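One letter stands for each residue in the lines below.
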Amino acid sequence: MRALIVSGGALPAAPVTVPDPEPGPGQALVEIHHASVNPSELRHIGHFPDGAVLGYDSAGVVLRAAEDGTGPAAGARVVAFAAGAWAERAAFPTDALAVVPDGVHLADAAALPMAGLAALRSLRATGPLLGRRVLVTGASGATGRLAVQLARRAGAHVIAQVRDPARAGDLGAETVTDLDGVEPVDAVIELLGGPYLVAAWRLLRPGGNLQSVGWAAGEPAVFVPNSTFVLGEARTISSFGDAAAPAADLAYLVELVARGELSAGVGGRWSWERPGEMAAAIRDGKVRGKAIIDMDPTRTDDPANNQL
Ligand SMILES: NC(=O)c1ccc[n+]([C@@H]2O[C@H](COP(=O)([O-])OP(=O)(O)OC[C@H]3O[C@@H](n4cnc5c(N)ncnc54)[C@H](OP(=O)(O)O)[C@@H]3O)[C@@H](O)[C@H]2O)c1
């Protein structure tokens with residue numbers, strides 16, 4: 001099969017031929033139609049050994065069900081959150097797969113895993129959201145857009161911080177560029193780090209929780225002395241990295257898309273034959289939302305390909 005693998009510590013110029021995957025116990029063989037790109041995957045390519053198949057987010061069709069009887073049957077359309085996504089085929093653990101409802105494009109499903117799981121699980125970790133004020137920093141990005149939608153759906157008043165409101169478009173939430181002047185909040189989904197983390201911490205009410213999910217601004221955070229000392233009910237900052245057993249939450253996310261209650265946020269699509277063009281578009285800030293890799297742009301069994 002062909003795959004996009006780490007080559008000389010970098011993104012390869014094109015897919016190369018690698019051995020076919022052999023499913024182990026509890027793994028299904030999946031034909032991948034679309035994958036998506038997370039900023040960290042491009043940033044950290046050099047951390048993976050040469051030859052490693054890139055990518056974590058994908059959607060496709062089960063070619064062979066797991067021999068132990070777990071997971072979707074052969075022929076099922078599935079979304080996956082597991083390593084080895086940027087390939088024609090992969091052997092994925094069945095607890096990393098969810099069936100994609102009819103009517104949801106596989107390209108939309110492929111946009112969801114890492115960003116959607118981070119948005120959903122970090123919001124859930126902050127506690128009940130009904131009637132709460134929730135701040136999402138970096139709300140114009142893939143994870144932020146999903147977090148804004150999910151928090152609103154859960155009954156929160158959402159404050160969406162973005163750099164450029166015109167470029168961000170209508171997020172369906174109160175939108176701010178600067179955190180100064182924002183009224184106190186009960187919870188924060190913090191995607192930028194650095195000064196944004198410090199400013200968001202200052203806005204947190206007693207008892208509130210800040211989920212430190214990302215560090216997209218790439219700057220250090222400087223807390224002035226005593227700024228984490230607060231009398232009364234504790235405010236907390238939590239790290240976030242919960243990627244365990246994603247099947248049930250993936251199923252929930254694609255179900256919301258099927259019901260028209262969540263926009264997956266595809267920001268652009270590229271054939272996987274020229275990954276450098278896609279990486280350059282992401283690096284130059286030209287992609288608003290999720291970048292999708294199409295393994296076979298001529299495939300007609302997925303209606304999403306009709307957009308090409
Ligand atoms: N812990 C986890 O499991 C997990 C999961 C998913 C994501 N993450 C992390 O969360 C962060 C966001 O991920 P994403 O998928 O949403 O990425 P994304 O789609 O690339 O969005 C990046 C966001 O950061 C903003 N941004 C970038 N540089 C900035 C700067 N210097 N100052 C202010 N804002 C800046 C962008 O604003 P513009 O739109 O104006 O460019 C955009 O809102 C990343 O650090 C990622 O690694 C972590």
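S.K.: What exactly am I supposed to notice about the overall build of the chain here?
M.R.: In terms of regular secondary structure, the chain is built from eight helices and 15 strands. A globule of 308 residues ought to have a C-alpha radius of gyration of about 19 Å, and the chain, at 20 Å, matches this closely. In terms of its C-alpha atoms, the chain occupies a principal-axis envelope of roughly 60 × 40 × 35 Å. Out of the 308 residues belonging to the chain, those deemed buried represent 49%. Approximately 13600 Å² of the chain is accessible, and the part contributed by carbon and sulfur atoms is 53%. Across the chain, the centroid of the 25 positively charged side chains sits 5 Å from that of the 33 negatively charged ones.

S.K.: I tried to follow the site of the ligand on my own but got confused; where do I start?
M.R.: Near the ligand you find 21 residues, and of these Ser 140, Ala 142, Thr 143, Arg 163 and Val 213 are the closest. With respect to the ligand, the side chain of Arg 43 contributes an N or O atom lying 3.3 Å from an oxygen atom. Residue assignment for the shell around the ligand shows that the elements contributing at least two residues are helix H1 (39-43), helix H3 (113-125) and helix H4 (142-153). It is H1 that contributes the most residues to the shell around the ligand, three residues altogether. Residue composition of the shell around the ligand, by class: 12 nonpolar, six polar and three charged. Split by domain, the residues of the shell around the ligand number at least three in each of domain 1 (2-111 + 264-307) and domain 2 (115-239).

S.K.: Explain the nonpolar core to me, please; I cannot follow it from the model alone.
M.R.: Generally speaking, a soluble globular protein has its nonpolar side chains buried in company with each other. Ranked by size, the top nonpolar core spans 43 residues in total, and within it Leu 112, Leu 123, Val 134, Val 136, Leu 150 and Leu 262 carry the most contacts. Secondary structure elements with two or more residues in this core: strand E5 (77-81), helix H2 (106-110), H3, strand E8 (133-136), H4, strand E9 (157-161), strand E11 (185-190) and helix H7 (247-258). Two domains each put at least three residues into this core: domain 1 (2-111 + 264-307) and domain 2 (115-239). If sequence neighbours within four positions are ignored, Leu 112 has contacts with Leu 117, Leu 146, Leu 253, Val 254, Val 257, Leu 262 and Ala 264. Core analysis: the second largest hydrophobic core is formed by 28 residues, Ile 32, Ala 82, Met 278 and Val 287 among them.

Reading the values: the criteria
- Residues numbered from 1 in each chain as written.
- Predicted model: local features only at pLDDT ≥ 70, side-chain atom pairs only at ≥ 80, totals over all residues.
- Heavy atoms only, no water.
- Helix = DSSP H or I, 4+ residues; strand = E, 2+ residues; numbered from the N terminus.
- Rg over C-alpha atoms; globule rule 2.2 N^0.38 Å.
- Buried < 20%, exposed > 50% of the residue type's maximum accessible area, 1.4 Å probe, protein only.
- Areas by Shrake-Rupley, 256 points an atom, 1.4 Å probe, with all protein chains shown as cover.
- Lys, Arg positive; Asp, Glu negative; His and termini not counted.
- Charge placed at Lys NZ, Arg CZ, Asp CG, Glu CD.
- Near = heavy atom within 4 Å.
- Polar contact = N/O pair within 3.5 Å; in protein donor to acceptor, adjacent residues only side chain to side chain.
- Nonpolar A, V, L, I, M, F, W, Y, C, P; charged D, E, K, R; others polar.
- Domains from an automatic or database assignment.
- Core = buried A, V, L, I, M, F, W, Y, C linked by side-chain atoms within 4.5 Å.
- Contact = heavy atoms within 4.5 Å.

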